[in-house]
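# Breakdown of the fold
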Amino acid sequence: MWTEVIQTLPQVVIDGLTLGAVYAVIAIGYTMVYGILELINFAHGEVFMTGAFIGTAILLTFSGIGWLAMMPAVVVLIIVLIATSILTGFLGMGIERVAYRPLRNAPKLITLITAIGISFLLQDIIRFIAEIKKGNYIVTGPEIFTNKIKLDASSILPQFQDASFKSTFLVVIIVAIIMMIGLDFFVNRTKWGMAMRAVAQDRDTAALMTINVNKVISVTFFVGSALGGATGVLFAIQYGTIDPYIGFILGIKAFTAAVLGGIGNIRGAMVGGMLLGMLEMFAAANLTGLTGGVFGAEYKDVFAFIILIVVLIFKPEGLFGKAVIEKV
Amino acid sequence: MKKFITILLTNRTAQLVLFLVYVVVTTASLYLAEKSVVAFLLLLLSILILYFLKIKTPLKWVIGLLILGVLLPVSASQGPSYQSYMEVATLVGIYVAMALGLNIVVGLAGLLDLGFVAFFAVGAYTYGIFATGQAANFMPFGTYPLSGESFWVFLLIGCFVAALFGILLGIPVLRVKGDYLAIVTLGFGEIIRIVFNNMDKPVNITNGSMGLASIAPPRIFGIDLMFPNQFYYVVLVMVILVIYAVRTLEHSKIGRSWKAVRENEIAAQAMGVPLVKTKLTAFAIGASFSGMMGVVFAAKQTFVDPTSFTLLESTTILVMVVLGGMGSLPGVILGAAVVTILNLQVLTEISNWMNQLNINGVLSIPDALSPVKMQRFIFGALLIVFALYRSKGLIPAKNRKYDPEQLKQTKGKNSKFLFLSKEKLKAYEGRENL
Amino acid sequence: MLKKKTTAVFMAATLAMGIISGCSSSNTSSSGEGSKDGKTVIKIASQSPLSGGSATLGEAIKLGTQLSIEDHKAEFEKLGFELQLVPYDDQGDPKKGVANAQLIASDKEILGVVGHLNSGVAIPSSETYEKYSIPMISPANTATEVTDRGLKVVNRIVARDDFQGPAGADYAVNTLKAKKIFVIQDKTAYGTGLADAFKGAAEKLGAEIVGYEGITVGEKDFNGVLNQVTSKKPDLIYFGGMYSEGGLILKQAVDKGIDIPFMGGDALDSSSFVDIAGEAVKKAYLSSVAGDATKTAEGKKFAEDYKKKFSKNIESYSAYAYDSTGVLLKGLADAIDKNGGKLPSRAQVRDAVRAITDYQGVVTKVGFDDKGDNKYGKIFIYKFNEASYPATMDGEISK
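Throughout, a residue's number is its position along its own chain's written sequence, starting from 1. Whichever chain is written first becomes A and whichever ligand is written first becomes 1, with later ones labelled in order. Per-residue local features are limited, in this predicted model, to residues with pLDDT of at least 70; the limit for side-chain atom pairs, both in listing and counting, is 80 or more; totals at the level of whole chains, interfaces and linings are taken over all residues. The basis for the side-chain values is all heavy atoms of the structure; hydrogens and waters are excluded.

### Side note on the pairing of strand β9 (residues 236-240) of chain C
Residue and element names in this part refer to chain C. This is how the line gets drawn: For every residue, the accessible area (1.4 Å probe, protein chains only) is compared with the maximum for its type, and the residue is labelled buried under 20%, exposed over 50%, or partly exposed between those bounds. Put simply, DSSP H or I for four residues or longer makes a helix, DSSP E for two residues or longer makes a strand, and each gets a number counted from the N terminus. DSSP calls a pair of strands paired once it identifies at least 2 bridges connecting them. Seen with the strands pointing away from the viewer, any crossover whose path from the first strand over the helix to the second strand runs clockwise is right-handed.
Summarising burial for β9: five of the five residues are buried, a large majority. With burial as the criterion, each face of β9 is covered, one bearing Leu236, Tyr238 and Gly240 and the other bearing Ile237 and Phe239. Looking at chain direction, strand β7 (residues 180-185) and β9 are connected through five bridges and run parallel. Across the sheet, Phe182 pairs through a bridge with Ile237, a residue of β9. Relative to strand β10 (residues 262-264), β9 runs parallel, the two sharing three bridges. Along β10, the bridge assignment pairs Tyr238 with Met263. Once the chain exits β9 it traverses helix α9 (residues 243-255) before rejoining the sheet at β10, and the crossover so formed is right-handed.

Here is the structure:
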């Protein structure tokens, strides 16, 4: 039993990293908005889904007019990523303007309602557009990276079995890492980033320091949603098939990852996402073996949630969260 | 005209008379018009108007009960849509009770719970397992399925089992605050659903995803309750009990402790409010309402499976509470009624009506945009509109106003306002005035 | 002050509305019933999920029903009746299904229902149909419980799980010579029922079930379960579930280098399955009660009409729904006949439908036994020789 676990470990790690990278970047979107507004942006999952659809639409148009065959895959990818990020960024900004800004002084839970309303709206709008264009809302995009790579893990340790993965895995990981490093740089080394951190820490004092709070919040939403949209493109490339309801499930999982890492903390979200992805993959691959058939792969969500609950019992602020000392 | 309106606003009898005329008109139109959903909704609206009138509260209750208990069923009973109205009304009742339960947890105690449907599932499965042959799989004694007469006992059992689960949920999350609590409760809701979906091996407890079918309907005095109009009365009585319970709790010591914990935990602790007990009580009581209604739901549908207890359900109930006005009893009732009626009746009727127009050639709508599919879309749009324009909720919570003079007059023992402990009562007895 | 004023105005307005609605709705109710151009209106309702995750399948059911009603409209006009379709969206939710069932029951013009997609919705809704004697024909419910309760109104044209599963097992073990099988199911009533039936039958035939795992509907990443498949090295994967997950599992399996046949049930029978799985679909087999629609003239015409009218390709469920509606309408015609050309009651239609023993539909032959199951259950096994839809028939297994 344990030999099997170790044998499949490299494959599980690779698959877990793919999934984890997706969770991590979406979790960053959640955490950024929470840090600034103390608001759980439930519509973020739908922004991600919209990004996936926009990316697939662009890819389909490209393959329709023949550009796909002409240009190298990397160039296509970069064009699609940039276009989708900008569009979803504006979508995110629009959502903030319409649904969150008027409610800034209202009880916090009301924004939950508008977020849910926007979720439903976006899901159905995308679904109608997809149905009108393609007759079915489950859309499969063209593949642009089709190489399969084999990793000779057995040469590292004899107990490991060989692992194989598609080249899309490398694409997803590399782009995700670039995005995360870019964001880290943006938040910690630029003026806008400093403004964002200031507003997150204390909104009124930041306003006193001549920071335009509304603009900063808009920029935060733009950046968070752009990242979410880009992740959507990565998701579409990795799995090929998308439908309007992926945002909901992934949104919940990414939110869990953000909480696991400590909500409001960007590095925490990255680690939380990766960790959650790997835990899920590990559970799916090994639960049956480990528990002798009592619990199967369908319990992997339960496994992930239990880990979350255990972490929160012992460290209620999340893994990287700072214990906020409340003063009265 | 202005004078008429001012008379209307101040004069009690004028309001009462106008209201009675309204009730008579809508009841008559419901009686005559048979299939008119508008009349049905207007009659329900009369309850809302009743709430805003300036007449004495006991009178309001009597009129309200008269309308709900007698006028509505009798006038609707003439048409073919009778059972469908009763079905909607029964579901409204079930959701009102659940929303009131969640209101205690979220609205009064300030604990954001996103997994509330888990307790509903627990109640439903409790009755379901014992009222079908399922229990024979693991219970060493007794003959199953239990007859419908056990339904009434199971209402209480469901209450307790759900309360137990509520406490079990509450214990690990005592230290967790705010939005972290949200995700943990969400996790619990999902865990319960997945576990129920999978508890068919090694011991078949819940029959997994196949669900439990042919649940025994409740039986009273030898009659099986099979039709929605019978369930309507059961649910009506239960909702009245729940409303009474919530009102008493809200204005009692425990209710004030909840509100204190909601506002500021540390200040509450400093004032001597036992944090653990207060939070656990909130979870337990909220869960028990849900469990009770779960039993009713299982008996009504005669079939339970895990697909009725998704995250979307929890979110819908939370929407009802927040939309109605957190912590406000009439608001939550209104929110639950509005959301349920929208989802189950109004939107379906509107899409049917538009479909009929489509068939008759008045409008032509491309198939992809057919109104039958637009229900979730319209619901989402309405949520946004409601939230933007009534951001404090439909009927925001109001604190009860106490008259300070009246409080001073009351002696300790006869006080309606203070639930005092024995030591304090003795202390007050010695004094002449408070 | 303003609030009280608005309350008063509001009350006066609603009072006025109450009076108006009372007058106008009595008008609509009287005109709603009865005639349109002198013909009596008969409505057929369809209940399937039109929004939410399984909406493509639910939509296929609705469109199949719609096409059948339009095709038979002329025939009923000659008898003096106007056929109309009333689609309902049950959102895959049992509560909504029951609430819609009540609405259907209260509309006296609806004489039959084609639906549902999910067995979990069909079972409670059929209790309501039974109370009002409205016949229901299911184009998709395979769970045994649906007809096992012995209700008079429930009929279905698809095969039960306990027939389709063993038929698949028979093919897998005897024709494909699979000795070690890995079973995956999607934890829904359909998937679990089918996979369990397959598993039981395969074990009886001597195959070894090396794995039995569940996945969640809506997920996209199945690498975890597939890792288990790689390590167990089976000869065949059997999947109980829908094409959206099945296609992804197949594609990801082939991407991982798992080069074995992949078998599933009739929910895989769709052009989208080919879209999703791509080239990998050549490894797939599926079992279905639908005969090959491209081989018969009616089948080809049905596929063309459907594509022309709705600009979508047919799926298994559209064909099933088309045939279900055809059977229902035949029962309706029989009932009208027996009633001397006048509008029959719901109970009469119900009995006439159950009495049908020989109806040839576009893709399947229908005859109901005393529980409402289809006597002519034949299971056809299909194989995908190329990455295109539809598949080619590879075998058939009868009762």
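So, next bit.
### A look at a nonpolar patch on the surface
Rules: Patches in this entry comprise residues that are over 30% relatively accessible and not in a salt bridge; like charges within 9 Å are linked, as are nonpolar side chains (Val, Leu, Ile, Met, Phe, Trp, Tyr) within 5 Å. Accessible surface area values rest on a Shrake-Rupley calculation with a 1.4 Å probe, where residue burial reflects the displayed protein chains alone. For salt bridges, the criterion is a side-chain nitrogen of Lys or Arg within 4 Å of an Asp or Glu carboxyl oxygen.
A cluster of nonpolar side chains, contributed by A:Val74, A:Ile78, A:Ile82, A:Ile86 and A:Phe90, occupies part of the molecular surface with about 470 Å² of accessible area. You can see A:Phe90 is positioned in helix α5 (residues 73-100).

### Points about the domain arrangement of chain B
Residues and elements named next belong to chain B. Quick note on the threshold: Source of the domain bounds: an automatic or database domain assignment. Any two residues having at least one pair of non-hydrogen atoms within 4.5 Å are treated as being in contact. The term buried area denotes the loss of accessible surface (1.4 Å probe radius) that occurs when two parts are joined, taken as the sum for both partners. Under this definition, polar contacts are N or O atom pairs within 3.5 Å; protein pairs additionally need one hydrogen-donor-capable and one acceptor-capable atom, and for neighbouring residues in sequence, both atoms have to be side-chain atoms.
Partitioning chain B into structural domains gives domain 1 (1-80), domain 2 (83-324) and domain 3 (404-433). For domain 1 and domain 2, the distance between their C-alpha centres works out to 32 Å. Facing 14 residues of domain 1, the contacting portion of domain 2 comprises nine residues. Both faces considered, domain 1 and domain 2 share a buried interface measuring about 920 Å² in area, 73% of it formed by carbon and sulfur atoms. Looking only at domain 1, the three residues that lose the most surface to domain 2 are Phe40, Trp61 and Pro73, adding up to 44% of its buried area. Along the contact surface separating domain 1 from domain 2 lie zero salt bridges. Along the contact surface separating domain 1 from domain 2 lie two residue pairs in polar contact (both at pLDDT 80 or more). Top contributing element to the side of domain 1 that touches domain 2 by residue count: helix α4 (residues 57-76), with seven residues.

### A few points about the interface of chain B and chain C
Put simply, the test is: Following the grouping adopted for this structure description, the nonpolar residues are Ala, Val, Leu, Ile, Met, Phe, Trp, Tyr, Cys and Pro, the charged ones are Asp, Glu, Lys and Arg, and the polar ones are all others, Gly among them.
Facing 63 residues of chain B, the contacting portion of chain C comprises 62 residues. Around 5,200 Å² of area is buried between chain B and chain C when both sides are counted, 64% of it from carbon and sulfur atoms. Counting across the interface, chain B meets chain C through one salt bridge. Of all the elements in the fold, those that place two or more residues in the side of chain B that touches chain C are α1 (2-10), α2 (12-33), α3 (37-52), α5 (82-108), α8 (178-198), α12 (275-301), α14 (329-359) and α15 (375-389) of chain B. Sorting elements by how many residues they give to the side of chain B that touches chain C places α14(B) first, with nine residues. Tallied by class, the residues present in the side of chain B that touches chain C amount to 28 nonpolar, 23 polar and 12 charged.

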